[in-house]
Amino acid sequence: MLAKVTVSLFFILLVWGNVVSGLGAGLACPDWPLCHGKFIPPLRSDIFMEWMHRNIGLIASIFLLLLSYRRFQSYRGKVKLIPILTVLLLLVQVVLGGCVVLSELPVDLTTIHFAIALIIFSLVFYMAFFSENKGTLRMDSPFFLIALMIFIQSVLGAYVRHSGAGLACPDWPTCLGYWIPPELSGSVLIHFTHRTLGYIIFALALLFFALSFLKDKNIRLKSFIILALVTIQILVGVGIVHSKLFFLTTAFHLAIALTILLVSLYSWFQEVERSNV
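Analysis parameters
- Residues numbered from 1 in each chain as written.
- Predicted model: local features only at pLDDT ≥ 70, side-chain atom pairs only at ≥ 80, totals over all residues.
- Heavy atoms only, no water.
- Helix = DSSP H or I, 4+ residues; strand = E, 2+ residues; numbered from the N terminus.
- Buried < 20%, exposed > 50% of the residue type's maximum accessible area, 1.4 Å probe, protein only.
- Contact = heavy atoms within 4.5 Å.
- Disulfide = S-S within 2.5 Å.
- Core = buried A, V, L, I, M, F, W, Y, C linked by side-chain atoms within 4.5 Å.
- Patch = residues over 30% accessible without salt bridge, like charges linked within 9 Å, V, L, I, M, F, W, Y side chains within 5 Å.
- Areas by Shrake-Rupley, 256 points an atom, 1.4 Å probe, with all protein chains shown as cover.
- Salt bridge = Lys/Arg side-chain N within 4 Å of Asp/Glu carboxyl O.
- Axes fitted to C-alpha atoms, helices over the stretch in contact; angles between N-to-C directions.
- Parallel < 35°, antiparallel > 145°, perpendicular 65-115°, else oblique.
- Left-handed = near helix turned anticlockwise from the far one by under 90°.
- Nonpolar A, V, L, I, M, F, W, Y, C, P; charged D, E, K, R; others polar.

S.K.: What is the right way to read the environment of Ala165 from this model?
M.R.: Following the sequence through the fold, Ala165 ends up in the loop between helix H5 (142-162) and helix H6 (186-211). Overall, Ala165 belongs to the buried group, its relative accessible area being 0%. Ignoring any residue separated from it by four or fewer positions in sequence, one finds Ala165 in contact with Val160, Ser187, Ile190 and His191.

Quick look at the structure:
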């Protein structure tokens, strides 16, 4: 129960943070660790969203510390480093979150902040899946490759958003009326790279699904789920452009990305578990 709640809290935290960013409420609490100098600030809508984001983060952090302590006790050997690393990253994330606010949301720092959050989320899911040592994680799994690509794409998407490149290509499927824009630089290059990587991930998911027919039905089902989610993700990405970055659409976009990441990690971890039976 503790593990599932911790994963759920971090999922909510990431999506809530996306909503806060979409509403432009990232600096609604301009100070840190307090909000407008108070533990309970004036509850204006934007202030409430940012204040709740911090509170969800606090609750998620407490659950993470409890889960890490349990896994540190049950893990053996080098695997003990995983809960230690997770807690250290959490401490870095807390300090970095304060720096992001006090420095007024610099693009590079906010992107790094999101990347660390995704790493913590993945490590939390690892500790939720494995209650004890289950052997070495193999990097030659197609599910690992999909998870890695989703991580890179999500971080790039955060950079697209925070750099203001979300509408650098205001049309779809073309970009500024071209399949390949004549001037690939600045925000257009950032946005176009994000789109291109999305198509690459779709192609990989389609390839893995086709190859899964050479394996068992279980792998085929997981490959199909990933392919379906990636397809939906692309369509939601189109919706983001056409809705002019509507905050609920962007939040849904991230929620799907996190779901693809979880399905990929779950499938990868299951392969590891079966190989060590």
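S.K.: Is there a simple way to explain the state of the cysteines in this structure?
M.R.: Each disulfide consists of a covalent bond between the sulfur atoms of two cysteine residues. Within the structure shown, the criterion is met by two disulfides. Note on cysteine connectivity: Cys29 is disulfide-linked to Cys35, with sulfurs 1.9 Å apart. Handedness of the Cys29-Cys35 disulfide follows from its S-S torsion of about -70 degrees: it is left-handed. The same class applies to Cys29 as to Cys35, namely buried.

S.K.: Sorry if this is basic, but what is going on with the nonpolar core here?
M.R.: Looking at soluble globular proteins, one finds that nonpolar side chains tend to be buried together. One finds Phe10, Leu14, Phe121, Tyr126, Ile260 and Phe269 to be the most contacted residues of the largest nonpolar core, which totals 73 residues. Looking at this core, the elements with two or more residues in it are helix H1 (2-22), helix H2 (45-74), helix H3 (81-102), helix H4 (107-129), H5, H6, helix H7 (217-242) and helix H8 (247-275). When near neighbours in sequence (up to four residues on either side) are disregarded, Tyr126 contacts Tyr75, Val79, Ile82, Leu137 and Phe269. Counting residues in each nonpolar core, the second largest holds eight residues, with Ala165, Cys169, Cys175 and Ile190 among its members.

S.K.: Just to check I follow, could you spell out a nonpolar patch on the surface for this structure?
M.R.: On the surface, a cluster of nonpolar side chains totalling about 460 Å² of accessible area is made up of Phe72, Leu81, Ile84, Leu88 and Leu91. Considering every element that reaches the nonpolar patch, the biggest residue donor is H3, with four residues. With respect to the element layout, Leu81 can be found in helix H3.

S.K.: What is the right way to look at the packing of H2 against H3 in this model?
M.R.: Helices that pack against each other are described as a pair by the angle of their axes relative to one another and the distance between those axes. Orientation of H2 relative to H3, taken along the N-to-C sense of each, is 165 degrees, at an axis distance of 9 Å. The angle between H2 and H3 falls in the class roughly antiparallel. The two elements H2 and H3 meet at a crossing, and its hand is left-handed. In this structure, H2 uses Arg54, Ser61, Leu64, Leu65, Ser68, Arg71 and Phe72 to contact H3, whose residues at the interface are Pro83, Ile84, Thr86, Val87, Leu90 and Val101. Broken down by class, the residue content of the contact of H2 with H3 amounts to eight nonpolar, three polar and two charged.

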